[in-house]
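Spelled out, the chains give:
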Amino acid sequence: MGSARSYLQTFTLVAVFCSLLATEGLRREVRGKAGGVVELECSFPLPGPAGVSSASLHVVEWVRQGLDVPVLIKFGSFVSHVNPQYEGRVSLVHISTLRLEGLQLDDQGLYDCRILLLDQPTDEQQNGTWTQLYITAPPTFIAAPSPVVQALAGSHLLLACVVKGNPTPTITWLKDDRVIQRTNDQDGALSLPEVSLQSAGRYTCHASNSEGNVTSVTRVTIKGPPVIILPPKSVSLNMSQNAFLECQAVADPPNMTYVWQKDGENVYHTASLKSRVKIMVDGTLLISGLVPEDSGNYTCMPTNGLLTPPTASANLTVMHPAKALQMPQKTYLPTGMNGVVTCPTAAQPPLLRVDWTKDGEPLDLSLYPGWTLSTEGSLFMATVNDDTAGVYACTPYNSYGSMGSSGPTSVILQDPPSFSVTPKKQYKQEAGRTLIIPCQGNDDPTIKVIWTKVDLGRRTSYSVEPNGSLLLQPLTKDHQGAWECSVVNRVASVKASAQVFVLGTSPHAATSLSVSPGVKKANVSWEAGFDGGSSQTFSVWVKKIAASDSDEKQQWFSVSVPQSSGTGLLVTGLSPNTVYQFSVLSHNKMGTGPFSEIVTARTLDPPLRRSKPKPPESLSANQDSAGVVLRWSLPEDQDPPITGFVLQSRTEQGEWLDLDEDISGNSSEIVVPGLHKDCVYELRLLSRRGELLSEPSPSVNVSTMGMEIYPATSQLLEFVPEPLLAGVLGGVAFMCLALVLLLGSACVISHKRDQRRRKKEDDSSRTICKRSPSIKTSRTSSPDSVLKKSLLPASILYPTTSSSTTTSSSQTDCSSFNIENHHRWKHLLSNHSRGRLTRTISTPISPPIELISRGPDGRFTLPLYENNMLSVHSKKSIRYDQPPRVRRCASLHSEREERKEAPFVLSVDLPPCKATEDNNTQQICGMAQLLPNREHHVWDHSSSYDVFPDLSRMCSNSSLATIRHNRELTFPVLPHIRSALGQPSTTASTLVLQMEHERERGNLSHCLKLAREREELEKELQKYSLESSSKGEKWREYSDLRDRGVGGKEFLLEESLPSYGSSPFFQRQINSPTSFLKAPET
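Every value quoted in this text rests on a predicted model; they were computed, and no experiment measured them.

Undergrad: In this structure, what is going on with the overall build of the protein chain? I would like to understand it.
TA: When its secondary structure is counted, the protein chain shows 14 helices and 65 strands. The buried share of the protein chain, taken over its 1082 residues, is 38%. Considering only contacts within the protein chain whose residues lie at least 6 apart along the sequence, 64% involve residues at least 24 apart. When the accessible surface of the protein chain is summed, it comes to about 60800 Å², and 53% of that surface belongs to carbon and sulfur atoms.

Undergrad: Whenever I open this one, the sheet that holds strand S20 (residues 243-245) confuses me. Can you help?
TA: The strands making up a sheet associate through hydrogen bonds between their backbones, and the pairing can be parallel or antiparallel. Reading across from one edge, S20-S25-S24 is the order of the three strands in this open sheet, with antiparallel pairing throughout. At either end of the open sheet lies a strand with only one pairing partner, and these are S20 and strand S24 (277-279). If you compare each strand with its neighbour and ignore which way they point, the axes differ by 15 degrees on average. Of the strand pairs in this sheet, S24 and strand S25 (residues 285-287) are connected by three bridges, and their pairing is antiparallel.

Undergrad: Help me understand the sheet that holds strand S35 (residues 390-398) in this model?
TA: Taking strand neighbours across the sheet as the criterion, the five strands line up as S28-S36-S35-S31-S32 in an open arrangement whose pairing is mixed. Looking at which strands have only one partner, the edges of the open sheet turn out to be strand S28 (330-334) and strand S32 (361-362). Of the pairings in the sheet, the one linking strand S31 (residues 351-358) to S35 comprises seven bridges and is antiparallel in character. Residue pairing in the sheet places Leu351 in a bridge with Asn398 of S35.

Undergrad: Would you take a moment to explain the side chain of Ser191 for this structure?
TA: Here Ser191 shows up in strand S16 (residues 189-192). The exposure class assigned to Ser191 is buried, which follows from its relative accessible area of 17%. Looking at Ser191, its side chain comes within polar contact range of the side chain of His156, at 2.8 Å.

Undergrad: When you look at the nonpolar core in this model, what are you seeing that I'm missing?
TA: General note: in soluble globular proteins, nonpolar side chains tend to be found buried as a group. Core analysis: the biggest nonpolar cluster contains 20 residues, and Trp62, Tyr86, Val90, Leu98, Leu100, Tyr111 and Leu133 have the highest contact counts within it. Those elements that place two or more of their residues in this core are strand S2 (38-40), strand S3 (58-64), strand S7 (97-100), strand S8 (109-117) and strand S9 (125-143). Once residues within four sequence positions are removed from consideration, Leu100 is found in contact with Gly36, Val37, Val38, Tyr86, Arg89, Val90, Tyr111 and Leu133.

Undergrad: How should a positive patch on the surface be read in this particular structure?
TA: Together, Lys752, Arg753, Arg756, Lys760 and Arg999 make up a region of like positive charge exposed at the surface. Here the positive patch takes four residues from helix H3 (residues 722-768), the largest share from any one element. With respect to the helices and strands, Arg756 occurs in helix H3.

Undergrad: I tried to follow the confidence of the model for the protein chain on my own but got confused; where do I start?
TA: Where the model shows low pLDDT, its predicted coordinates should not be examined in detail. Across the protein chain, pLDDT averages 74, with 67% of residues at or above 70. Contacts from residues 864-985, a stretch scored under 50 in pLDDT, to residues over four places away or in other chains number 300 contacts. Segment residues 1046-1082: pLDDT under 50, and 80 contacts once partners within four positions in sequence are set aside and those in other chains are kept.

Undergrad: Looking at this structure, I do not really get the state of the cysteines. What am I missing?
TA: Note on terminology: a disulfide is the covalent bond linking the sulfur atoms of two cysteines. Taken as a whole and assessed by the stated rule, the structure comprises five disulfides. Paired by a disulfide, Cys42 and Cys113 hold their sulfur atoms 2.0 Å apart. With the S-S dihedral at roughly -85 degrees, the linkage between Cys42 and Cys113 falls on the left-handed side. With Cys42 in the loop between S2 and S3 and Cys113 in strand S8, this pair connects stretches of sequence that are 71 residues apart. Grouping residues by exposure puts Cys42 and Cys113 together as buried.

Undergrad: What exactly am I supposed to notice about the side chain of Ser649 here?
TA: Mapping Ser649 onto the fold places it in strand S56 (residues 644-650). With a relative accessible area of 5%, Ser649 lands in the buried category. Filtering out sequence-adjacent residues up to four positions away, Ser649 remains in contact with Glu655, Trp656, Leu657, Leu659, Tyr681, Glu682 and Leu683.

Undergrad: Which parts of the structure should I look at to understand the environment of Ser667?
TA: Looking at the secondary structure, you find Ser667 in the loop between strand S57 (657-664) and strand S58 (669-671). The spacing of Ser667 and Arg631 is 36 residues in sequence and 9.1 Å in space, taken between C-alpha atoms. Those residues in contact with Ser667 that lie beyond four places of it in its chain are Trp632, Leu634 and Phe645.

Undergrad: How should I be thinking about the packing of aromatic side chains in this particular structure?
TA: Both the distance between ring centres and the angle between the ring planes are used here to describe each pair of aromatic rings. A full pass over the atoms with the stated rule returns nine aromatic pairs. Consider the rings of Phe501 and Phe530, whose centres lie 5.1 Å apart with planes at 45 degrees: the pair is tilted. Taken together, the residues Phe501 in strand S45 (residues 493-503) and Phe530 in the loop between strand S47 (521-527) and strand S48 (537-544) connect sequence positions 29 residues apart. Judged on exposure class, the residue Phe501 and its partner Phe530 are both buried. On the basis of an interplanar angle of 80 degrees and a centroid distance of 5.7 Å, the ring pair of Trp541 and Phe595 is categorised as edge-to-face. With Trp541 in strand S48 and Phe595 in strand S52 (residues 591-595), this residue pair connects regions lying 54 residues apart in the sequence. Given a relative accessible area of 44%, Phe595 falls into the partly exposed group. Above the face of the Tyr134 ring, Arg31 is positioned so that its terminal group lies 4.7 Å from the ring centre. Lying over the aromatic face of Phe501, Lys428 brings its terminal NZ or CZ to 5.8 Å of the ring centre.

Analysis parameters
Residues numbered from 1 in each chain as written. Predicted model: local features only at pLDDT ≥ 70, side-chain atom pairs only at ≥ 80, totals over all residues. Heavy atoms only, no water. Helix = DSSP H or I, 4+ residues; strand = E, 2+ residues; numbered from the N terminus. Buried < 20%, exposed > 50% of the residue type's maximum accessible area, 1.4 Å probe, protein only. Contact = heavy atoms within 4.5 Å. Areas by Shrake-Rupley, 256 points an atom, 1.4 Å probe, with all protein chains shown as cover. Pairing = 2+ DSSP bridges. Axes fitted to C-alpha atoms, helices over the stretch in contact; angles between N-to-C directions. Polar contact = N/O pair within 3.5 Å; in protein donor to acceptor, adjacent residues only side chain to side chain. Core = buried A, V, L, I, M, F, W, Y, C linked by side-chain atoms within 4.5 Å. Patch = residues over 30% accessible without salt bridge, like charges linked within 9 Å, V, L, I, M, F, W, Y side chains within 5 Å. Salt bridge = Lys/Arg side-chain N within 4 Å of Asp/Glu carboxyl O. Lys, Arg positive; Asp, Glu negative; His and termini not counted. Charge placed at Lys NZ, Arg CZ, Asp CG, Glu CD. pLDDT = per-residue confidence, 0-100. Disulfide = S-S within 2.5 Å. Phe/Tyr/Trp six-rings, centres within 6.5 Å; stacked < 30°, edge-to-face > 60°. Lys NZ or Arg CZ within 6 Å of the ring centre and 35° of its normal.

Next up, the structure:
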């Protein structure tokens, strides 16, 4: 029976639930717009066949879910009863249909129709279907901010914007037409937690949905203290100028005033400023007639009475000459100690120097050893003595100058204070008793005794007796420590210290706590404090700092310190990488002392476990065209990862050998290298992490039997692409070929250059070379050689070789030096008697053309006569009875190719003169030695000459011949001789050298120009030769008369040599013909 009842209840609940679902499924929806009209039909089925008619008695009722009063009740023909909320907007049509007009958004909801038939016996009937009414409406404001909102700066501002509409509107806030990203909004309201002047502006609330949008605009103004928009700027001005410090601000409300302060004090309250300052309407501060004291920091503070006014500061610097401030009338210095006399100054720009006077005279620091001046201008004395006393004044200077000296100060010497009673170093006393520590100064009424406690942790009570003693009563633990007694007078102070130990107390706190952490331990050390008069012990307290909020609160725990550990303990059992706090607590029989300072330390991270790497797995080997391919599976990921593999092999159970030690850690196969043909190998693989190797993998056997050839792979070829390798090899081959060609070309060019140089040397040698008598000399020679020979003057001192007029003597290389002097004289006159001038004469001096060579400076010089060469520059005596050996060839090619410098000067060095006597015969150097040695005569240097130069000057020790003259020479001579005579230095030899230089450089146009100049010089040479021939005829007539011994020498000499007739030298020669041309004794 009970089971049947439970079944019935279950069935009823299911039926009710299904009916509800059916009811929900039959719900209808009606949509309307706000302000529109909708009709809600009542579709309740009537029980009778006739249904409900207008004449039948019935009641129609419309209800809305959530309203206690029906929306409309209609009975028969009576007037309908309408809910006040729907008054004038609802009615029934078609007997039971509800008509709603002027729809509002609040009309939305569920509606139900009920019909009650009064003439039927049944109870009230209810329509089983609900009608859902949806109303769509554009946004409308329910609450909006007022058009103008004022707020106080710093306050919270909330701008409400409540909108209704269907669908739900989207609200957007804008400030000055820019969208605001809202973070704190409530139902569309804009919240400004702390407004400022920048918060002022135009705010817009914009609401929109699919049916429309609405906008509300609000202007926000901020009331508050002023805001400085133009702060003052620091400025430097000269003294007596006017200063303007600008300061502008804006505020709402604008009733604003400006306040200026100097160094924190109102400028109108400063005595030196109040008469010279003025604050303008715009906030500018005016200071008239600046003085040095006006320098400082000025602060602008605008205010309107709201909140805290803002401030802005700037520095005013007054530039002025250095000024000495007021000095004390008396300055006391301690005798025997160091002392300082200061000079208070004000200087801008900074101080440069300070001059001191003592007793009205300038102070000379050199007279006072140990006295110095500091950078601030203070006068420092190393030792104060009687010389220090006096009246001092200082005068400071800067780049602007000085405003004068300071007032005088009198330095008075006074003895420094001293102790008459000095406290002891240590005092020990039981706690609670009285301790008196004496300290007295000498008999000086100006002395004061001051006691202070060193390192005062907390305030302690003490008193000082009239005699200066320290009184500690009652003595407490806080009195322990160092005390200092100072005896002070107006010149110096002296100090003495004493240590107080209070017995019978708990120990003092440990100091200098330090912690050295490890991984799971920490070494703690400290310094023990005073034990209070009895032995003490220690305990270390440790606390773990919570790593996160989830950890439970940690507590302090203590570890006792054994007596044997002293002041250190190793705390173990800590966690790695964890922060701990440490402190030390002291104990003795009197109790427990205070904790030491707390030190925080973190334990170290645990070391990384270097687990052994795992070997590769599934090792297998296969043969293919490339060789033996070894494959394997990579081991599982490890931390740290493996870096590579090592391949090992062995044969016939031999020793394992490494085939490849650098296999990539990402590789899973490899062609085994280094295997030989027709062999059986056992291979295995090991994982590698740095230097750490794993256990070997299971080995595999590989046979190379029957393989044609086993490729030995190269690691280089394995990692280098073949195209790249081919390109590298090709580039190397091309570079080698280019290098070979370059070296070959260099060798060929060098060989040709050597051939050209040798050819030039041979041509130059053949051009200038002197031929032997048996060989005929070619009439053609280089223009340089011909011209150099022509350049030599037709003089017995410069014999030259002629290609057109020669004699048998001119074809000889050199003549013997043992020929008698009169034979040489006759031979010389015989040549003149033939009616022509012979260019070459057999003399002890070889023709100079053979001896000319070019020196390192590019000039032509005559070398020394040594062995195979007769030098005209040698200072040795020349014996004429020894036939010299003259070098037959002298090349003009001397370092021309190496230096490549253009020579410009042809110079000839003449030898110094040294005479020797042989058989009572006086020989002289140069061509003067060829003259007859009959009479002793000397040339008169003041005489004029046309043909012969001053032989004595040419035989001097100078390397260059110097020729005196009275008129300009008309023949081309060597450049250095011409320059000495004052003539232009341009010669044919110079032109030849320049032509050669231009020809080598390839400058043909310049070479042709030089050739034309050379032709002009040759013409001058021919003209000179003709003039020399005519003068030679006259000289020859004179020589003939002289040989015949005919009288009338003076007449003939004057007739033949008119230019020499008036010379006193020639007069002496006529009177003493035996001494004609006799060289002077040296």
